[in-house]
Amino acid sequence: MAGESLHTMGQQHGRRSWAEPWKIKMVEPLRVTTRAERNAALSEAGYNTFLLRSDDVYIDLLTDSGTSAMSDRQWAGMMLGDEAYAGSRNFYHLEEAVQRYYGYRHVVPTHQGRGAEHLISQTLIKAGDHVPGNMYFTTTRLHQELAGATFHDVIVDVAHDAAAIHPFKGDIDLDKLGALIDEVGADRIPYVSLAGTVNMAGGQPVSMANVRALRALCDRHGIKLMLDATRMVENALFIQEREAGYADQSIAQILLEFCSYTDGAWMSAKKDNLVNIGGWLAVNDDDVFEELRNLVVVYEGLHTYGGLAGRDMEALAIGIAEAVQDEHVRSRVGQVRYLGELLTEWGIPIVQPIGGHAIFLDARRFYAHLEQDLFPAQTLAAELYLDSGIRSMERGIASAGRDPGTGDHHRPKLELTRLTIPRRVYTQAHMDVVAESVKACFDARESARGLRMVYEPKYLRFFQARFEPT
Ligand SMILES: *Cc1c(COP(=O)(O)O)cnc(C)c1O
């Protein structure tokens, strides 16, 4: 790492290392709207990009969840769906793929990530427990709270500073975790909730050194270590690029080693695993598996389909193998970096270093004149849509929700607008168009006046909340 900026580290694999390792076989036309049409659509949607119709969107960077382009192999796999109620051959293929690439012994399919989060939370958490994690994820934390736990953010402090350059801003602060263990007692902590590339921190990775040290700490106290593996493949690339001793190891090798320090994982396969729907849960412990296999039948479906069609499990099994290919991961993260570097060159404030799946615009600095209660990140998402029809998402005060104790807003340090890049979908030219639109909003930043929330749902409010211009 010495002498090299984090941004150039990705280029160590040679010229144009991130060119896509595929070509395009089928295309989907995009619709370009007028500003008047976008104005009407946005006001109809309550200034919430989640409530826009996708027909009114030009370049859709709302999320990388379920938006990947599947390969011809995956589409071919869809035709091999074995839609038997029980014991579908596609389940065994999926089980084998998870065991081989993630290394866990037992696999439970679920309809998507939150189905897996629900099952693991209900299985491991008792009312009054405490769950520490590296920052938080919306659905993960909610399932832990619904199961009766209090969530504690024990990520390193630097993660909350959008401008700070640090190779592993996703790491857990072992002192913070140690202090929590002393305070509440190890027996009230069923597991540590560790996420690979922390979404809410800007897609920031966890180091191998950190997970190794966590394993040792958890072992000393008899606490489980559970992994949110949703974007762990991208995390493995950052370890390969930034951590001593890993430059010559493949993504697959790094992934397997990282998972080996954990007791199990839940997965939103809609991200890394290159499918439009799906999830899974995997554990090593026989008794925990027994309980999960019981519970999945209640909420998702029989343990050999868990809410998925056989064809979905087949596409997922193939997607897992494609997702861990070095060339794939390099081009995926390379495209994100291309956009981030362009914005950085133009002086636009984004979370640094550039993460694995998205560019996070720092709305605090972008709209320095707007206080947080005026929803600056939500405002930026609205302005970007108005400018060009590009859809992004708020990751700030609206996403953070309210404190269940006091009822007041959580006010996160990070107030971000996320441009999330779907896997294998858009071209470099699309990234240029996105960058130019962000620049146009930046140039007009002084005229932004903020939003107020006029409708607020009880759970995960950012999905369906409605806003009005102030
Ligand atoms: C998307 C996501 C989830 C939830 O998964 P779904 O498939 O959307 O239900 C959990 N954790 C992380 C880090 C995610 O990004």
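Residues numbered from 1 in each chain as written. Predicted model: local features only at pLDDT ≥ 70, side-chain atom pairs only at ≥ 80, totals over all residues. Heavy atoms only, no water.

A. Spatial organisation of helix α5 (residues 138-146). Most of α5 is tucked away: seven of the nine residues are buried. Where α5 is concerned, the buried positions are T138, T139, T140, R141, L142, H143 and Q144. Downstream of α5 by one or two residues, G148 has phi in the positive range, about 105°. (Buried < 20%, exposed > 50% of the residue type's maximum accessible area, 1.4 Å probe, protein only. Helix = DSSP H or I, 4+ residues; strand = E, 2+ residues; numbered from the N terminus.)

B. The layout of surface pockets, seen in detail. Taken as a whole, the largest pocket encloses approximately 1,500 Å³ of empty space. Lining of the largest pocket is provided by 38 residues; of these, M26, A69, M70, R424 and V425 occupy positions nearest its centre. Of all elements in the fold, only α2 (72-78) and α12 (326-345) reach the threshold of two or more residues within the lining of the largest pocket. Taken domain by domain, the makeup of the lining of the largest pocket includes at least three residues from each of domain 1 (9-60 + 326-469) and domain 2 (72-323). Looking at the second largest pocket, its volume works out to about 560 Å³. Around the second largest pocket sit 39 residues that line it, and F137, T138, T139, N199 and K271 are the ones nearest its centre. (1 Å grid on protein atoms, 1.4 Å probe; cavity = no way out; pocket = protein on both sides within 12 Å on 5 of 7 lines; lining within 4 Å. Points joined across faces, edges and corners; volume = space filled by probe spheres on them. Domains from an automatic or database assignment.)

C. Looking closely at the domain arrangement of the protein. By domain assignment, the protein separates into domain 1 (9-60 + 326-469) and domain 2 (72-323). On a C-alpha basis, the centres of domain 1 and domain 2 stand 25 Å from each other. In this assembly, 38 residues from domain 1 lie in contact with 43 residues from domain 2. Of the roughly 3,200 Å² buried at the junction of domain 1 and domain 2 (both faces included), carbon and sulfur atoms supply 58%. Of all residues in domain 1, the largest losses of buried area upon contact with domain 2 belong to P353, L414 and R423, amounting jointly to 18% of the total for that side. Linking domain 1 to domain 2 there are six salt bridges. Between R332 and E234 there is a salt bridge, with the nearest N and O atoms lying 2.7 Å from each other. Counting across the domain 1 and domain 2 interface gives 16 residue pairs in polar contact (both at pLDDT 80 or more). (Contact = heavy atoms within 4.5 Å. Buried area = accessible area lost by both parts, 1.4 Å probe. Salt bridge = Lys/Arg side-chain N within 4 Å of Asp/Glu carboxyl O. Polar contact = N/O pair within 3.5 Å; in protein donor to acceptor, adjacent residues only side chain to side chain.)

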